[in-house]
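Here are the chains, one letter per residue:
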Amino acid sequence: MNVADSEVVVSILTDQGYCHTGDIKEAELILINTCSIRENAEQRIRGRLKAIGHLKKGNDKLVIGLIGCMAERLKEKILEEENLVDMVVGPDAYRQLPSLINEAESGHKAVNVLLSREETYADIPPVRLDKNGVTSFVSIMRGCNNMCAYCVVPYVRGAERSRNPESILNEVKDLLNKGYREVTLLGQNVDSFRWEENNHLTDFPLLLEKVALISPSLRVRFSTSHPKDISDDLLKTMARHNNICKHLHLPVQSGSSRILKLMNREYSSEWYTDRIKAVRSIIPGCSVSTDIIAGFCTEREEDHQATLALMEWAGFDFAYMFRYSERPGTKAARKYKDDVPDEIKTKRLNEIIALQNKLSSRSKKQDVGRIFEVLIEDFSKRSQDHLSGRTSQNKVAVFPGEGHKKGDYVNVLVERCTSATLIGKMV
Ligand code: 5AD
Ligand code: SF4
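Everything quoted here is computed from the prediction, not taken from an experiment. (Residues numbered from 1 in each chain as written. Chains lettered and ligands numbered in written order. Predicted model: local features only at pLDDT ≥ 70, side-chain atom pairs only at ≥ 80, totals over all residues. Heavy atoms only, no water.)

S.K.: Please explain the overall build of the protein chain as it appears in this structure.
M.R.: Each helix and strand counted, the protein chain has 14 helices and 19 strands in total. Relative to its length of 427 residues, the protein chain is compact, with a C-alpha radius of gyration of 22 Å against a globular reference of 22 Å. Counting only C-alpha atoms and orienting by the principal axes, one finds that the protein chain spans roughly 65 × 55 × 55 Å. Counting the 427 residues in the protein chain, one finds 55% classified as buried. In the protein chain, the proportion of contacts linking residues at least 24 apart, taken out of those at least 6 apart, comes to 70%. Of the charged side chains in the protein chain, 61 are positive and 59 negative, and the gap between their average positions amounts to 4 Å. (Helix = DSSP H or I, 4+ residues; strand = E, 2+ residues; numbered from the N terminus. Rg over C-alpha atoms; globule rule 2.2 N^0.38 Å. Buried < 20%, exposed > 50% of the residue type's maximum accessible area, 1.4 Å probe, protein only. Contact = heavy atoms within 4.5 Å. Lys, Arg positive; Asp, Glu negative; His and termini not counted. Charge placed at Lys NZ, Arg CZ, Asp CG, Glu CD.)

What follows is the structure, given as structure tokens:
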């Protein structure tokens, strides 16, 4: 999401005559796009600020701005804590950047952290910063109306709003014309996408279908779905279109219904397993990845065991796994005690990671001997003779190149695998 936002920011500034540089020493303006989801994300930003502090010496024209979620969360306070920062700009205020930069350049600290109910930056064509020219993000909505007890997102990104579908379809068509072959539709909770116009409702399954129909040679992915909202209608839409990738990111967070209730996730572990069964029956061969939080408030050993059991049952192909990190102002911070000791959080997280490593490896071994369509994204990191791409199921495959190039689709027979990669040959 921050990559997509940075592309909007670069577009706004390009219109003002700025150009983007990959060399920080050359920059007259440095904007750090920030994340607040866990405490260590914010610590990294503070570390980054320290690391670039020396650039201000000998260049008093240099303006440093903190933008995004951490700017929104800490507001003016960050100016007291980090005196390198000249500008603090929240995620809904990027259109004001030109005037805020002027203010900062004239020596005043500039702040705009107003959240909006409407802003989607729909009319701003992002300047693509991704390098491969094959895959791209397309933001379809902003904000979140769910109130997961642990999560800071609704506070820093504001209320949910969907982007005009026509502007989404135009952006995707433009990407296709520029040679892109895969788009990932992005939103905090894509299932809540809604756009009503002339008594006609576009919901997420319909939007997804419209994007898929743009061209059979354009792959479509999306993230993130919420288990409470994911419908059979969406799964059937995925199954109907070959170019909608057969991969679902469905964050479970915990396998314990008691913990899920405390987290305010609005589903039980039974509901989640029912949804996975629906995925398996409607889209055979679909891969599923997830997010898991270890050590949420009051989590007992039996809750943790329920998480491990659910992981094993679901056989996740991939997972992002985190230690619970208390975020100021959230319901969990206000109402519950962060009472799982650090060493227990770490121990549980390590057990979760060890199990997922086993599951991820099993998921890849099952692919050995099978043929997959792969979209080539680049050369392999190890060798220019090998190409790298992903299967529809979102697994990385590496194979000898033989005259093919980025953006081509090829069929690859998987001959072996490592823990992270499928290795094979074109057939
Ligand atoms: N602590 C740990 N992990 C968190 N996530 C969100 N908030 C927190 C938190 N306070 C995780 C969730 C979410 C992912 C994007 O980040 O698993 O799905
Ligand atoms: Fe956070 Fe929950 Fe919204 Fe995801 S759905 S962004 S976890 S509040």
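S.K.: How do you make sense of the environment of Val 396 when you look at a structure like this?
M.R.: Tracing the backbone shows Val 396 in strand β17 (residues 396-400). By relative accessible area, which is 31% here, Val 396 ends up partly exposed. Here the alpha-carbon distance between Val 396 and Phe 316, two residues 80 residues apart in the chain, equals 16 Å. Beyond its immediate sequence surroundings of up to four residues, Val 396 is in contact with Ser 388, Gly 389, Arg 390, Ala 420, Thr 421 and Leu 422.

S.K.: Could you clarify how one ought to interpret the side chain of Asp 191 in this entry?
M.R.: Mapped onto the secondary structure, Asp 191 falls in the loop between β8 (182-186) and β9 (194-197). Despite being buried, Asp 191 has no salt bridge partner; Lys 228 is the closest side chain of opposite charge, sitting 8.0 Å away. What Asp 191 contacts, discounting residues up to four positions off in sequence, is Phe 204, Thr 224, Ser 225, His 226, Asp 229, Ile 230 and Leu 234. (Salt bridge = Lys/Arg side-chain N within 4 Å of Asp/Glu carboxyl O.)

S.K.: Just to check I follow, could you spell out empty space enclosed by the protein for this structure?
M.R.: Gaps left between atoms are located by rolling a probe of water-molecule size over the structure's atoms. Evaluated as defined, the whole model comprises two cavities of 30 Å³ or more. In this structure, the largest cavity occupies an estimated 100 Å³ of space. Along its surface, the largest cavity is lined by 15 residues, and Ala 4, Val 8, Pro 126, Ser 139 and Arg 163 are the ones closest to its centre. At the level of elements, α1 (2-15) and β5 (135-139) are the ones that each hand at least two residues to the lining of the largest cavity. Looking at which element gives the most residues to the lining of the largest cavity, the answer is α1, with four residues. In this structure, the second largest cavity spans a volume of roughly 40 Å³. Lining the second largest cavity we find Val 220, Arg 221, Phe 222, Cys 245, His 247, Leu 248 and His 249. Broken down by class, the residue content of the lining of the second largest cavity amounts to four nonpolar, two polar and one charged. (1 Å grid on protein atoms, 1.4 Å probe; cavity = no way out; pocket = protein on both sides within 12 Å on 5 of 7 lines; lining within 4 Å. Points joined across faces, edges and corners; volume = space filled by probe spheres on them. Nonpolar A, V, L, I, M, F, W, Y, C, P; charged D, E, K, R; others polar.)

S.K.: Looking at this model, I keep getting lost on the sheet that holds strand β11 (residues 219-223). Mind explaining?
M.R.: Two pairing modes exist for strands in a sheet, parallel and antiparallel, and in both the strands are linked by backbone hydrogen bonds. Judged by pairing direction, the sheet is parallel, and its three strands sit side by side in the order β5-β8-β11 without closing on themselves. Two strands close off the open sheet at either side, each with one partner strand: β5 and β11. The average undirected angle you get between the axes of adjacent strands in this sheet is 25°. Relative to β11, β8 runs parallel, the two being bridged by five bridges. Paired with Thr 184 across the bridge in β11 is Arg 221. In this fold helix α8 (residues 204-212) packs onto β8 and β11, with an angle of close to 155° to the strand it touches most, β11. (Pairing = 2+ DSSP bridges. Axes fitted to C-alpha atoms, helices over the stretch in contact; angles between N-to-C directions.)

S.K.: Even after reading the chapter, I still don't get the site of ligand 1, so can you show me in this structure?
M.R.: For ligand 1, the full set of nearby residues is Ile 37, Arg 38, Tyr 150, Gln 253, Asp 291, Ile 293, Phe 322, Arg 323, Tyr 324, Ser 325 and Arg 327. In the complex, 86% of the free accessible area of ligand 1, which totals 410 Å², lies under the protein chains. Where the shell around ligand 1 is concerned, the elements lending two or more residues are β13 (287-294) and β14 (318-323). (Near = heavy atom within 4 Å. Areas by Shrake-Rupley, 256 points an atom, 1.4 Å probe, with all protein chains shown as cover.)

S.K.: Please explain the site of ligand 2 as it appears in this structure.
M.R.: In the region of ligand 2, the neighbouring residues are Cys 144, Asn 146, Cys 148, Tyr 150, Cys 151, Val 153, Pro 154, Gln 188, His 226 and Arg 265. Split by residue class, the shell around ligand 2 holds six nonpolar, three polar and one charged.

Any functional reading would require information beyond the geometric quantities listed.
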